[in-house]
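The residues making up each chain are set out below.
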Amino acid sequence: MIYTSIKKVRNQEERKRIVERLLMLRKQLDKEIPGKTASSSFLLATWNIREFGSQKRKIEDYFYIAEIISRFDLIAIQEVLGNKKALDKLMPILGRSWDYIATDATEGTAGGSECMAFLYDKSKVTFKNVAGEIVLPPKLLINGLQFARTPFSVLFQVGWFKFYLTTVHILFGKSTKVNPQRLKEIESIAKFLTKRQKKEQTNYVLLGDFNVPSVDDDYMKALESGGFEIPNAIKEHPTDLGGTKHYDQIAFNLKLNKTMTLFKEKIQKAGAFNFTKSVYKPDDWKIYMPDFDKKYVEGKSDDDIQKYYLKYRTFRMSDHLPLWVELNVDFSEQYLEELLEYGK
């Protein structure tokens, strides 16, 4: 993390708040996120950052977002606006060891001119020079169409683990018990990648915003029946700020030797990082009142202003929490043990 540009914040009160909240955020991250290792483990995350690139976000927010991202080795981000201005502001704060790979903007009403991106720490993660957007074959089309937002797939390697990482932002559509188009998008991406995995005999990780309300609903069943597995440690964590919806997921379809375990439920960890414990806390609404639209403040009760603030803060940070998992990527021992049996 590069903090030097905090000095450029002219307002002394604002500058002091940024520093104090960063210290709080760092303390929370130290407590809740496992520390990075040189080679034994891998911290993978996904985060839908609401309208990432809109003018509603200020320099303060980029420091908070960067602080969170810096605790992972690789993170998939959805809802990056097509101008990519947010990434240009974020990367200098993360520092030179970080890089990103992004899609172009998805056109159309459903696509919202959004991009998807992978941000990764080059000192730990290697981009293996393969990247592409997923184009469905005729048999898997969604009512004759491609995805509303095209999934993005990139080949990475961390330690012993080489894998295709695919990120999605599945269409929400109309709010019904089971939205047919949303369900079909999940079914199609799972079946498509599973077919590839079997053909290539390699590892696939599928993550992002699936717009899955519950881990017991048809959307989740479609993902799992399509060939992907989700550890219970990931399923336990809702990713909306209300703590009830499981919109974001990280799923695996792997081809590893039986002795090589990527995730052990009782040993490794997963979670959804609730940044509102440290920044944009529920009781911070008075701090940000000068920035509120006057029509939501003038003549309004404190209760109404607080309700507005709870929505306002989602445009400064996000309405999703980052979902993360700690993976084992050092299979040295297992490989050496297998060599003992080699040639017998």
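Heads up: the structure comes first, above all this text.
Values in this document were obtained by computation on a predicted structure and should not be read as measured data.

Calculation criteria
- Residues numbered from 1 in each chain as written.
- Predicted model: local features only at pLDDT ≥ 70, side-chain atom pairs only at ≥ 80, totals over all residues.
- Heavy atoms only, no water.
- Pairing = 2+ DSSP bridges.
- Helix = DSSP H or I, 4+ residues; strand = E, 2+ residues; numbered from the N terminus.
- Axes fitted to C-alpha atoms, helices over the stretch in contact; angles between N-to-C directions.
- Contact = heavy atoms within 4.5 Å.
- Buried < 20%, exposed > 50% of the residue type's maximum accessible area, 1.4 Å probe, protein only.

A.B. asks: Tell me about the sheet that holds strand S3 (residues 98–102), and please be specific about residues and values.
C.D. replies: Hydrogen bonds between backbone groups are what pair the strands of a sheet, and the pairing can be parallel or antiparallel. Pairing within the open sheet is mixed, and its 6 strands lie in the order S3-S4-S2-S1-S11-S10. Each of the sheet's edge strands pairs with one partner strand only, and the pair in question is S3 and strand S10 (270–272). The mean inter-strand angle of the sheet, taken between neighbouring strand axes irrespective of direction, is 20°. As judged from the 5 bridges shared by S3 and strand S4 (residues 114–121), these two strands associate in the antiparallel manner. Bridge assignment links Trp 98 to a residue of S4, and that residue is Asp 121. In the packing of helix H3 (residues 85–94) onto the sheet, contacts are made with strand S1 (41–52), strand S2 (74–81), S3 and S4, and the angle to S3 comes to roughly 160°.

A.B. asks: Any details on the pairing of strand S6 (residues 152–158)? Residues and values, ideally.
C.D. replies: Along S6, 6 of the 7 residues are buried, which leaves the element largely enclosed by surrounding structure. Two elements, strand S5 (residues 126–133) and S6, share 5 bridges in a ladder whose sense is antiparallel. Considered in S6, the bridge of Gly 132 is made with Ser 153. Pairing analysis gives 7 bridges linking S6 to strand S7 (residues 161–169), with the strands arranged antiparallel. Within S7, the position partnered with Val 154 by the bridge is Leu 165.

A.B. asks: Outline the environment of Thr 103, supporting the account with residue identities and numerical values.
C.D. replies: Among the structural elements, Thr 103 can be located in the loop between S3 and S4. On the basis of relative accessible area, Thr 103 is assigned to the buried category, the value being 7%. In sequence terms Thr 103 and Lys 84 are 19 residues apart; their C-alpha atoms lie 9.9 Å from each other.

A.B. asks: Break down unusual backbone geometry for me, with residues and values.
C.D. replies: Notably, Glu 51 is not glycine yet its phi reads approximately 45°, a positive angle. For Glu 51, the location among the structural elements is in strand S1. You will see that Gln 201, though not glycine, has its phi angle at about 55°, which is positive. Mapped onto the fold, Gln 201 is located in the loop between helix H4 (180–200) and strand S8 (203–209).

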